[in-house]
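Structural description and commentary
Here is how the chains run, residue by residue.
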Amino acid sequence: MHGEATEGARPLSASGAQQATPEELMARVARGDEHAFAQLYDQLADRVFGLVRRVMRDPAQSEEVTQEVFLELWRTAARFDSTQGSVAAWSMTLAHRRAVDRVRSAQASTARDTRVANLQVDPYDSVADEVTSRLEHQQVRRCLETLTTVQHESVTLAYYQGYTYSEVARLLDTPLGTVKTRLRDGLIRLRDCLGVTR
Amino acid sequence: MNADIHMLTGAYVLNALSEDEREAFEAHLARCTACAREVHELRETTARLGFAAAESPPASLRSRVLAGVRNTRQLPPDEGPIVPLRGRKWPLRVATGLAAASIAGLLALGTHSMLLDQELTETRQALERSEHAYGELTEVLTAPDADAVHHDAEDAAVTVIVSESRGKLAVIPHGMSEPPGDDIYQVWFIEGDTPTSAGLLAEPDRPLVTDADHPADVLGITVEPAGGSDAPTSEPIMVVAYPG
């Protein structure tokens, strides 16, 4: 696999034949095609659910949020603007935002500090640990390894744990400005390594 | 482009900004093409990180989602005006009153992020129920020639939308507090020094839709005694450029 993010999103059926791309399916979904939506779900559900679960942990809530994400995709399909990115990336954006919002609002009433203080796992290794033999995962893992430690830690804490950058700064005992910068240059390096292009 | 705020692209796509910073960045994003391109690329990048966490959901989820779809109405294609607004400070009652289509149109902004607001989901059903009640507002919001100005004051904000083809003006307040006692907010067309009443904000969080039948350089909002006044009796608390 290389370059194009949308290409990475084109799945193979069991027989190895190419299925419709998420973009093609989305165009049909926009016209109310439930069958196309079911196919889109089949293509994206693992990714959406996996990400939501990574951030939220709780399986029941993760299912709930995954369901919300897909209903949102259905509802707004006619508004989807392919010049703004791939369907897969948009789905992941929705999923991540919702998961993070949910986690943060749940924490607003509890002591968020506790969560930060209690962080014990080594979050930036967990991705690598769970990496399967799938090509996609290998590539992400390889590219994550090209980041500096601070870039790597900042990006994975923010993305997989759903921390704000100021929380990341506290966790890593690093100045805010540094974390802000590392999040950006870390992602830029990942972008280049993964060959993501417009 | 502001170099410092541009540095936030990374934190933004990672959803690592606080709510206030997110809003500020999105306002900036609406005007910064370079930022928008970078956000787009970094989103494709973070998506790849997300793919690496793939995990199969239980099969039961699939049937729930597909059943949900059968009960969920889709939004029509977006052709409305593009106005940089965020949902968070949008009063819930306004959100409930607006047609889903117009909110989504308002929030679309060429990026998808504006659709993400929690409120939209939470009020979706209420939205659909009351869709017809705000037909007039929808008409202005979705007019192809709609022109908008958004004005931020300290604690409140107001969006003014004018459609020449529809001959309508919409004044949408955000976060305005209740006026004292029986007082009421009144909106004025102000041309030069001459104010002409455009109507009353029946409630501080309800949009006013009226005829755009008077020339104006700016719109002013004043606090007036119950029932409104023929001419302003106080200084405007807010003055907004007239769109167009």
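Residues numbered from 1 in each chain as written. Chains lettered and ligands numbered in written order. Predicted model: local features only at pLDDT ≥ 70, side-chain atom pairs only at ≥ 80, totals over all residues.

So, about the overall build of chain B. Looking only at helices and strands, one finds 10 helices and eight strands in chain B. The proportion of buried residues among the 244 residues of chain B is 48%. Relative to all contacts within chain B whose residues are 6 or more apart in sequence, the contacts with residues 24 or more apart total 65%. (Helix = DSSP H or I, 4+ residues; strand = E, 2+ residues; numbered from the N terminus. Buried ≥ 20, exposed ≤ 12 C-beta atoms within 10 Å, placed from the backbone. Contact = placed C-beta atoms within 7 Å.)

On to the overall build of chain A. Summing up its helical and strand segments, chain A has 11 helices and zero strands in all. Order of helices (α) and strands (β) in chain A, N terminus to C terminus: α-α-α-α-α-α-α-α-α-α-α. By the burial criterion, 46% of the 198 residues in chain A qualify as buried. For chain A, restricting intrachain contacts to residue pairs at least 6 apart in sequence, the fraction spanning at least 24 positions comes to 61%.

The subject of this paragraph is the confidence of the model for chain A. This prediction gives chain A a mean pLDDT of 83; 77% of its residues lie at or above 70. The low-confidence segment residues 1–9 of chain A, where pLDDT is below 50, has 24 contacts with residues more than four positions distant or belonging to other chains. (pLDDT = per-residue confidence, 0-100.)

Facing 64 residues of chain A, the contacting portion of chain B comprises 52 residues. Take the side of chain A that touches chain B: its biggest share by element is 12 residues, from helix 3 (residues 34–56) of chain A. Partitioning the side of chain A that touches chain B into residue classes produces 33 nonpolar, 15 polar and 16 charged. (Nonpolar A, V, L, I, M, F, W, Y, C, P; charged D, E, K, R; others polar.)

Residue and element names in this part refer to chain A. Packing of helix 2 (residues 22–29) against helix 3 brings their axes to within 8 Å, and their N-to-C directions diverge by 145°. Along this stretch, helix 2 crosses helix 3, giving a crossing that reads as left-handed. Note on element contacts: helix 3 touches helix 2 through Ala36, Phe37, Gln39, Leu40, Gln43 and Leu44, opposite Pro22, Leu25, Met26, Arg28 and Val29. Residue composition of the contact of helix 2 with helix 3, by class: eight nonpolar, two polar and one charged. (Axes fitted to C-alpha atoms, helices over the stretch in contact; angles between N-to-C directions. Left-handed = near helix turned anticlockwise from the far one by under 90°.)

What follows is about the sheet that holds strand 7 (residues 218–224) of chain B. The strands that make up a sheet are held in pairs by hydrogen bonds between backbone atoms, and each pair lies either parallel or antiparallel. Residues and elements named next belong to chain B. Spatially, the four strands line up as an open sheet ordered 5-4-7-8, and their pairing is antiparallel. Every other strand in the sheet has two partners, leaving strand 5 (194–201) and strand 8 (238–241) as the edge strands with one partner each. Averaged over neighbouring strand pairs, the angle between their axes works out to 30° when direction is ignored. Bridging between strand 7 and strand 8 involves four bridges; their strand directions are antiparallel. Residue pairing across strands places Leu219 opposite Val240, the latter belonging to strand 8. (Pairing = 2+ DSSP bridges.)

Residues and elements named next belong to chain A. In this model, helix 11 (residues 176–194) (19 residues) spans 27 Å end to end at C-alpha, consistent with the 27 Å of a helix rising 1.5 Å per residue. When we look at burial in helix 11, the residues that qualify are Val179, Lys180, Arg182, Leu183, Arg184, Gly186, Leu187, Leu190, Arg191 and Leu194. One or two positions beyond helix 11, positive phi appears at Gly195, with a value near 70°. (Expected span 1.5 Å × (residues − 1).)

Our next topic: the packing of helix 4 (residues 59–75) of chain A against helix 5 (residues 87–108) of chain A. Residues and elements named next belong to chain A. The contact between helix 4 and helix 5 brings their axes to 10 Å, and the two run at 135°. Between helix 4 and helix 5, the crossing angle belongs to the class labelled oblique. Classified by chirality, the crossing of helix 5 by helix 4 is right-handed. Counting all contacts with helix 4, which are made through Gln61, Val65, Glu68, Val69, Glu72 and Leu73, the residues of helix 5 involved are Ser91, Leu94, Ala95, Arg98, Ala99 and Arg102. Tallied by class, the residues present in the contact of helix 4 with helix 5 amount to six nonpolar, two polar and four charged. (Parallel < 35°, antiparallel > 145°, perpendicular 65-115°, else oblique.)

Across soluble globular proteins, nonpolar side chains show a tendency to be buried alongside one another. Core analysis: the biggest nonpolar cluster contains 69 residues, and A:Val48, A:Val52, A:Ala158, A:Tyr165, A:Leu183 and B:Ala16 have the highest contact counts within it. Looking at this core element by element, the count peaks at 11 residues for helix 3 of chain A. If sequence neighbours within four positions are ignored, A:Val52 has contacts with A:Ser62, A:Val65, A:Thr66, A:Ala95 and A:Ala99. The next biggest cluster of nonpolar side chains, apart from the first, holds 31 residues, and it includes B:Leu141, B:Ala146, B:Leu169 and B:Ile221. (Core = buried A, V, L, I, M, F, W, Y, C linked by C-beta atoms within 7 Å.)

This brings us to unusual backbone geometry. Within the chain, A:Arg57 stands out as a residue other than glycine whose phi angle is a positive 75°. Positioned with a positive phi, B:Asn15 is a non-glycine residue whose angle comes to about 55°. Exposure remark for B:Asn15: the 25 C-beta atoms within 10 Å place this residue in the buried category.

What follows covers helix 5 of chain A. Here helix 5 of chain A is 22 residues long and its end C-alpha atoms lie 31 Å apart, about the 32 Å a rise of 1.5 Å per residue gives. Across the 22 residues that make up helix 5 of chain A, a large majority, 16, are buried.

With respect to the helices and strands, the residue B:Tyr12 is situated in helix 2 (residues 9–13). Sequence separation between B:Tyr12 and B:Val39 is 27 residues; the distance between their C-alpha atoms is 7.9 Å.

Residue and element names in this part refer to chain B. Strand order in the open sheet formed by four strands is 1-2-3-6, with antiparallel pairing between adjacent strands. The open sheet has two free edges, formed respectively by strand 1 (147–152) and strand 6 (208–211), since each of these has just one partner strand. Going from strand to strand, the sheet's axes swing by 15° on average, the running direction of each strand aside.

To continue, consider the pairing of strand 5 of chain B. Residue and element names in this part refer to chain B. Pairing of strand 4 (residues 184–191) with strand 5 involves seven bridges; the strand directions are antiparallel. Opposite Gln186, over in strand 5, you have Leu200 as the bridge partner. Here strand 4 hands over to strand 5 after two residues, with Gly192 in that stretch at a positive phi of 60°.

With that settled, the discussion passes to the confidence of the model for chain B. The predicted coordinates of low-pLDDT regions are not to be read in fine detail. Residues and elements named next belong to chain B. Of all residues in chain B, 75% have pLDDT values of 70 or greater, and the mean over the chain is 76. Low pLDDT, under 50, characterises residues 80–123; the predicted model gives this stretch 111 contacts beyond four residues in sequence or across chains. For the stretch residues 125–129, pLDDT sits under 50, and the model shows seven contacts to residues farther than four places along the chain or on other chains. Here the predicted complex scores 0.59 on pTM and 0.83 on ipTM.

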